[in-house]
Amino acid sequence: MSLTNALALIPNETLARVYLALAQYPILSERIRARMRRALYEGNYMTREQFECEVKRVSVKTQENEGLQDPYFEEAGEIWEVRQQHVRDLLTDVFFIEHFTFEQLEKIINEVLAEKGVIFREVLYGHNPEQQTVEQVLTQALQIQNMPAEQRARYDARLQESKVVLIRSLISDQLPYIHIAKEWFTLEDLADIRQRKIGHGRIGGKAAGMLLAYRILMTQADEELRGCLKKPESYYIGSDEMYSFMAMNELFHWNDQKYKSEPEMRAEYPQIQAEFEHGRFAVDISEQLRDLLDKLGNAPLIVRSSSLLEDSFGTAFPGKYESVFCPNQGSLEQNLRDLQCAIARVYASTLNPNALLYRRSRGLQDYDERMGLLLQVVQGGRHGRYFLPHAAGVAFSRNLYRWAPQIRREDGFVRLVWGLGTRAVDRVGNDYPRLVALSHPTLRPSNAPKQIQRYSQQYVDVLDLEDNAFKTLPISEVLKPDYPPLRYLAQLYEEGDFSTLRTLVSAKEMSRLVLTFDQFLTRTPFAERMRSMLRLLEQAYHSPLDLEFTVQLSALDTPRPKLCIAILQCRPQSQIQAAEGRLPNDLRPEDILFSTRFVVPRGHIQRVDYALFVPPEGYFALKTPALRSELVRAIGRLNAALKDKHFVCFGPGRWGSSNPDLGVSIDYGDIYNAHALIELAGEGIGLPPEPSLGTHFFQDLLEAQIYPLAIYLDDAGNRFERRFFYDLPDHSSEFISVAPEIAGALRLLRVSDYRANSYMRIVMDDDEGRAIGFLEQE
């Protein structure tokens, strides 16, 4: 008899009674159902072959109901096995109760229970956890954990194995991560992840790092630190659901993008984005997302990328994939449409050319990269029509670029902003975060009040709840005199100095407010707490790391306000594998091609044969976005052509900025073969250099072992040998074709043209705070 006919003859309450009876014994249910099926076979109600044929038929039918057009090939093997097991269990219950009484079921259950001691050992050692479902492994592990201590000891090895299987199945298959995570996660942690996960697959690297950091700190931190920590309310979409989405919307023809040329990738990506954003979701996924939105109400959300490779050791993928804010202020149906569109955008970003080129450069092109998703409630509070946190940023456990010799590398640093943390991790145009050396929180790169005012944060990222949109606004439009934490974030600039806010700021004074964070750093334990957090996490990770966070202040009328630090992301910190950098004592002035004293790291580049130079006047003579875009593409082509050469890049302004008026808007994929990026600034050729420490662009440079440097040309203490940069012949046309319209903005210089049989060597000495590029003979 078919499932449809059987169900028609069985009252719903009878089937529910069977299900509830079996649910009382989850670890034994598989054995009980095996006995039920044996009774069906021995009673000649059906053969094993007939039963399994019906299992397969019904499983395929459930696939078709979910919109799969080719059920045998559009679903991953492990998902198909789980699907069949669920159907097998249902058919067992249905066919058994059709032919037997509930009393006969109870008899089978009692027989199995009588053998419980023997069966438990058989269940454990007769099945491979790697081949069991997550629910089965988790149930068995919890049963072992709940045993008396003396009985549990004999199963400790199986408990450890089960935990590793659960971490690999639910979270990440990256071995360095598993090695750490298995020492910290509890079964309750893993059960909570399972409960909050939608769909099949792993939750991915970004979610994995956030959860592990929180568990480590809640285990290792003292009571005071634990009391100020928070984990945002989070939910996850399994990484396999990306392929289900692509199959349902016939998008798999884009899956070979990673093997195409860079021009093809860039030309086709807009079409990929459009097709993904017009995709539809399976009914069961849409229903679960609707239920989630109904549960959360109008709390703002962010859909964060969490791919399988993201935030791993050595492959952080900083800023390569999208994260999308959903203010979530519309009707339930509108909010669902917005959420689904955000999810589709993040899925499409898996095929972003910059991500694909990053994978290619890191030897990860052939990895089956899938996108898990982290759905988080945005941290912060409402201020008028806007939603934002009191502070946000990214913290690093090691300070690789010190701006004063007394700063301790091992205490780390923070890149701090007011509002959403996007301005802390993105290299934005004409704006500056507060850089905080945690060993000396109030020590700035410059202490001159005029410089502090000029290079303070000018814009803030917020969610506009009335317009239901993410916005970047001038601080003056958002910051109001009644903002509760105002005196901890801002100071008044008057008569060439700063004064702390003692009374309510008047409307006239608002224009003189400057975000300095001085009172936040001196009157709260933020720096102390962050130092402790980073130290504990680095010890557990056995590696330097970085941490994204938000901060909310409370008890603002007390001498020491309370902190609430929410952990958003944690990953191993990218570092340049630098040897000691010691400046030569016998350098001749005529050998020096450039020198700088601006935020110098430690290390050296042994040999440079070519310098890719973008002359400032040539760059700013390109008046149209199209010409500047063509220059960026030419730099990318040169980068590819020079992959076997030793070269560095020089050019004006902030490279990697989102604003081409402030510098060359290259991406990681345009310069990843270079050994250094040296930015030029000065009167008329770009803003004074701003350390990109902590931005996604900075992370890219470190992972690719590219040293970031800057030369402020108006500083008499620096050196820039114009004869080298302007008088040598240009060799770019020997490697690529260059459009005549941009020829004046791109030069490729060969060092040996300046002095025969010579090359450039670059030494960076952070103790002396100086970097020098100089000539050496072959």
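Criteria and thresholds
- Residues numbered from 1 in each chain as written.
- Predicted model: local features only at pLDDT ≥ 70, side-chain atom pairs only at ≥ 80, totals over all residues.
- Heavy atoms only, no water.
- Core = buried A, V, L, I, M, F, W, Y, C linked by side-chain atoms within 4.5 Å.
- Buried < 20%, exposed > 50% of the residue type's maximum accessible area, 1.4 Å probe, protein only.
- Contact = heavy atoms within 4.5 Å.
- Disulfide = S-S within 2.5 Å.
- Helix = DSSP H or I, 4+ residues; strand = E, 2+ residues; numbered from the N terminus.
- Expected span 1.5 Å × (residues − 1).
- Pairing = 2+ DSSP bridges.
- Axes fitted to C-alpha atoms, helices over the stretch in contact; angles between N-to-C directions.
- Patch = residues over 30% accessible without salt bridge, like charges linked within 9 Å, V, L, I, M, F, W, Y side chains within 5 Å.
- Areas by Shrake-Rupley, 256 points an atom, 1.4 Å probe, with all protein chains shown as cover.
- Salt bridge = Lys/Arg side-chain N within 4 Å of Asp/Glu carboxyl O.
- Lys, Arg positive; Asp, Glu negative; His and termini not counted.
- Charge placed at Lys NZ, Arg CZ, Asp CG, Glu CD.

1. A closer look at the nonpolar core
Ranked by size, the top nonpolar core spans 87 residues in total, and within it Ile 171, Trp 418, Phe 520, Phe 526 and Met 530 carry the most contacts. The contacts of Ile 171, once residues within four sequence positions are left out, are Leu 166, Tyr 177, Phe 185, Leu 190, Ile 193, Arg 202, Ile 203, Gly 204 and Ala 208. Within the second largest apolar cluster, 39 residues are counted, among which are Leu 296, Val 303, Cys 326 and Ala 342.

2. Re the state of the cysteines
Following the criterion strictly, the structure yields zero disulfides and no others. The thiol of Cys 341 is unpaired, and the distance to the nearest cysteine sulfur, on Cys 326, comes to 8.4 Å. Here Cys 341 falls in the partly exposed class, since its relative accessible area comes to 29%. Lacking any disulfide linkage, Cys 564 is separated from the closest cysteine sulfur, that of Cys 228, by 7.5 Å.

3. With respect to helix H13 (residues 205-220)
Spanning 16 residues, H13 covers 22 Å between terminal C-alpha atoms, matching the ideal 22 Å at 1.5 Å per step. H13 sits mainly inside the fold: 13 of its 16 residues count as buried.

4. Some points on the pairing of strand S10 (residues 413-417)
Across the five residues of S10, five count as buried, placing the element largely inside the fold. Side chains Phe 413, Arg 415 and Val 417 project from S10 onto one buried face, and the interleaved Val 414 and Leu 416 project onto a second face that is buried too. Taken together, the five bridges between strand S9 (residues 391-396) and S10 define a ladder with antiparallel strand orientation. Of the residues in S10, the one forming a bridge with Ala 395 is Val 414. With four bridges joining them, S10 and strand S11 (residues 434-437) adopt antiparallel strand pairing. For Arg 415, the partnering residue across the bridge sits in S11 and is Leu 435.

5. Some words on the sheet that holds strand S22 (residues 647-652)
Ordered in space as S24-S23-S22-S21-S26, the five strands form an open sheet in which the pairing is mixed. Of all the strands in the sheet, the pair left with one neighbour each is strand S24 (707-712) and strand S26 (747-750). Direction aside, neighbouring strands of the sheet carry axes that sit 20 degrees apart on average. Bridge count between strand S23 (residues 676-681) and S24: six bridges; the pairing is parallel. What sits directly across from Ala 681, in S24, is Tyr 712.

6. Points about a negative patch on the surface
Where like charges cluster on the molecular surface, the negative patch consists of Asp 284, Glu 287, Asp 291 and Asp 294. In this fold, Asp 291 is placed in helix H17 (residues 283-296).

7. Topic: the sheet that holds strand S8 (residues 386-388)
On the basis of which strands lie adjacent, the open sheet formed by four strands has the order S7-S8-S12-S13 and antiparallel pairing. Lying at the two open borders of the sheet, with one neighbouring strand each, are strand S7 (381-383) and strand S13 (469-474). Averaged over neighbouring strand pairs, the angle between their axes works out to 45 degrees when direction is ignored.

8. Some details on the side chain of Ser 595
Its place among the elements puts Ser 595 in strand S19 (residues 592-596). Residue class for Ser 595 comes out buried when judged on its relative accessible area of 1%. Excluding anything up to four places from it in sequence, Ser 595 contacts Ile 711, Gly 717, Asn 718, Arg 719, Arg 770, Ala 771 and Ile 772.

9. Comments concerning unusual backbone geometry
Note on backbone geometry: most residues besides glycine have negative phi, and most peptide bonds are trans. You will see that Asn 44, though not glycine, has its phi angle at about 60 degrees, which is positive. In this fold, Asn 44 is placed in the loop between helix H3 (29-42) and helix H4 (48-65). A relative accessible area of 69% means that Asn 44 is categorised as exposed. If you check the backbone angles, Asn 757 has positive phi at about 60 degrees while not being a glycine. Position of Asn 757 relative to the elements: it lies in the loop between helix H31 (751-754) and strand S27 (758-765). Overall, the relative accessible area of 54% leaves Asn 757 in the exposed class.

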